[in-house]
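An overview of the molecular structure
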Amino acid sequence: MPRAKPFVFEPSRYVPFRDRRVLERVRRIPRDAITRHPNPDLHIRVLPDDMMEFTWLTDMFYRIKTAMDAGRRCVLILPNPAHTYIKLAALLNRFRVPCHHLWVFIMDEYADQDGRIAPETWKWSFMHAFKTFFYRNLDPKLRPPVRQMVGPTQRNFADYGKRLEDVGGADACYSGPGWTGHLAFIEPDAPEFASASLEEWLTFGPRIVTLSPFTIAQNSLHGFFGRSGDLAAVPPKAFTIGPAQVRAARYRLDMSGITTAGTAVSWQRFITRLIWHGPVTPLVPTSLHQLLKTDVIISETNAADIEPDWEVGY
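Owing to the predicted nature of the structure, the values given are computational and were not obtained by experimental measurement. (Residues numbered from 1 in each chain as written. Predicted model: local features only at pLDDT ≥ 70, side-chain atom pairs only at ≥ 80, totals over all residues. Heavy atoms only, no water.)

This paragraph deals with the overall build of the protein chain. Across its full length, the protein chain holds 10 helices and 10 strands. For 314 residues, the compact-globule estimate of 2.2 N^0.38 gives 20 Å, and the C-alpha radius of gyration of the protein chain, at 20 Å, lies within 12% of that figure. Structurally, the protein chain occupies a C-alpha span of about 80 × 40 × 40 Å along its principal axes. Taken across its 314 residues, the protein chain has 51% of its residues classed as buried. Counted over contacts in the protein chain with a minimum sequence separation of 6, partners at least 24 positions apart contribute 76%. For the protein chain, the accessible surface area stands at approximately 15,700 Å², while carbon and sulfur atoms represent 56% of it. Of note, the protein chain has its 38 positive side-chain charges centred 3 Å away from the centre of its 33 negative side-chain charges. (Helix = DSSP H or I, 4+ residues; strand = E, 2+ residues; numbered from the N terminus. Rg over C-alpha atoms; globule rule 2.2 N^0.38 Å. Buried < 20%, exposed > 50% of the residue type's maximum accessible area, 1.4 Å probe, protein only. Contact = heavy atoms within 4.5 Å. Areas by Shrake-Rupley, 256 points an atom, 1.4 Å probe, with all protein chains shown as cover. Lys, Arg positive; Asp, Glu negative; His and termini not counted. Charge placed at Lys NZ, Arg CZ, Asp CG, Glu CD.)

Attention now goes to the side chain of Gln268. Summarising the element assignment, Gln268 is placed in helix α9 (residues 268-277). At a separation of 3.0 Å, a polar atom in the side chain of Gln268 contacts the main-chain amide nitrogen of Gly257. Here Asn302 takes part through its side chain, which lies 3.2 Å from a polar atom of the side chain of Gln268. Once you skip the residues sitting within four places of it in the chain, Gln268 turns out to touch Gly176, Pro177, Met255, Ser256, Gly257, Ile258 and Asn302. (Polar contact = N/O pair within 3.5 Å; in protein donor to acceptor, adjacent residues only side chain to side chain.)

The step from Asn80 to Pro81 runs through a cis peptide bond, and the omega angle for that step is -15°. One can find Pro81 in the loop between β2 (74-78) and α3 (84-94). A positive phi angle, close to 50°, is found at Arg227, a residue other than glycine. Along the chain, Arg227 turns up in the loop between α7 (213-220) and β8 (237-240). A positive phi angle is found at Ala261, which is not glycine, with a value near 50°. Summarising the element assignment, Ala261 is placed in the loop between β9 (252-256) and α9.

A separate point is the environment of Thr263. Looking at where Thr263 falls in the secondary structure, it is placed in the loop between β9 and α9. Each C-alpha atom of the pair Thr263 and Thr301 lies 9.0 Å from the other, and the pair is 38 residues apart in sequence. Reaching out from Thr263, the side chain makes a polar contact with the backbone oxygen of Thr260 at a distance of 2.8 Å. A distance of 3.0 Å separates the side chain of Thr263 from the backbone nitrogen of Val265, its partner in a polar contact.

Take empty space enclosed by the protein next. Evaluated as defined, the whole model comprises 1 cavity of 30 Å³ or more. Of the volumes computed, that of the largest cavity is approximately 30 Å³. In terms of lining, the largest cavity is formed by Ile77, Phe105, Tyr160, Gly161, Leu164, Ile241 and Gln245. Top contributing element to the lining of the largest cavity by residue count: helix α5 (residues 160-166), with 3 residues. Here the lining of the largest cavity is composed, by residue class, of 5 nonpolar, 2 polar and no charged. (1 Å grid on protein atoms, 1.4 Å probe; cavity = no way out; pocket = protein on both sides within 12 Å on 5 of 7 lines; lining within 4 Å. Points joined across faces, edges and corners; volume = space filled by probe spheres on them. Nonpolar A, V, L, I, M, F, W, Y, C, P; charged D, E, K, R; others polar.)

Attention shifts here to the side chain of Asn219. Within the element layout of this structure, Asn219 appears in helix α7. Contacts of Asn219, omitting those with residues within four sequence positions, involve Tyr110, Phe185, Phe225 and Val234.

Here we take up the pairing of strand β6 (residues 172-175). Residues Ala172 and Tyr174 of β6 are buried on one face, and the alternating residues Cys173 and Ser175, pointing to the opposite face, are buried as well. Of the pairings in the sheet, the one linking β2 to β6 comprises 2 bridges and is parallel in character. Residue pairing in the sheet places Leu76 in a bridge with Ala172 of β6. The sheet contact formed by β6 and β9 spans 3 bridges and is parallel. Residue Ser175 lies in a different strand from β9, and its bridge partner there is Asp254. (Pairing = 2+ DSSP bridges.)

Two faces make up the sheet, and in a regular strand the side chains alternate between them. The pairing of strand β4 (residues 108-111) with β8 spans 4 bridges and is antiparallel. Each residue of the ladder has a partner; that of Ala111, found in β8, is Lys237.

Our focus in this paragraph is the pattern of salt bridges. Counted by the stated rule, this structure contains 13 salt bridges. A salt bridge links Asp114 to Arg116, with the nearest nitrogen and oxygen atoms 3.5 Å apart. Residue classification places Asp114 among the exposed positions, given a relative accessible area of 53%. Among the residues examined, Arg116 registers a relative accessible area of 46% and is labelled partly exposed. (Salt bridge = Lys/Arg side-chain N within 4 Å of Asp/Glu carboxyl O.)

It is worth stressing that arrangement in space is one thing and function is another; only the former is reported here.
In structure tokens:
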């Protein structure tokens, strides 16, 4: 038999981060090494899959409750859509926690080809989901004024960052990486986030952005869009907070626990390694947390070693 020759290729030009040596290095990071990081303020934990949602849920409840007890405002930047908010409302109802001090800022929202932000009357919008899951399930006696549930609109998106500052800034920002390593919809290949340097990029605030094709593919697998891969059902643009709002939050929790419909298949298994163990770069937006004080939780499924499974196809 002829001697096997190595087959070496460059990543597709559509892949934002293409340094082959870095990609190969992080691909080989085993589960036992994934929590190690030189930044002592970056705390990475691996949790059982069924503890991921519970950890996020109890953290939100804790911050809302302790702020109420202390008589101070609680300002949260939240991702969407998540059925976890139904459980959060149930906890607040059960323990009779008044939420008049609570302010929520939705971190992103879909927009059309012309940059017009989806209204909350559109049933696939993130604000529609948040009010359906959280606000309408919260006892009316405990609800904050509806104006304190803030989502991006055509009227407020230009001043979204200032509105957040005007209420004292975020006490907590919760996030989870997308397939591209995006945070919210801070995309690595969005022209609206083009910058001359990392330092400049870190100062960028909210804006309307062009979604990555990978993000559109990712979201087409969501239940909202029928778990069908219908690329045309996902809007082409979105509003998002910027790196500046993430950095300014007084607490950050990033979560990597998404799998495909409860299976062991996950696009987060690789990007999680690149985020925490690759370079800090706008090409991997969530990597900005490496410079900050952040709590990170990774599910056992997503922390598992990356290795071929010859018995499984798609």
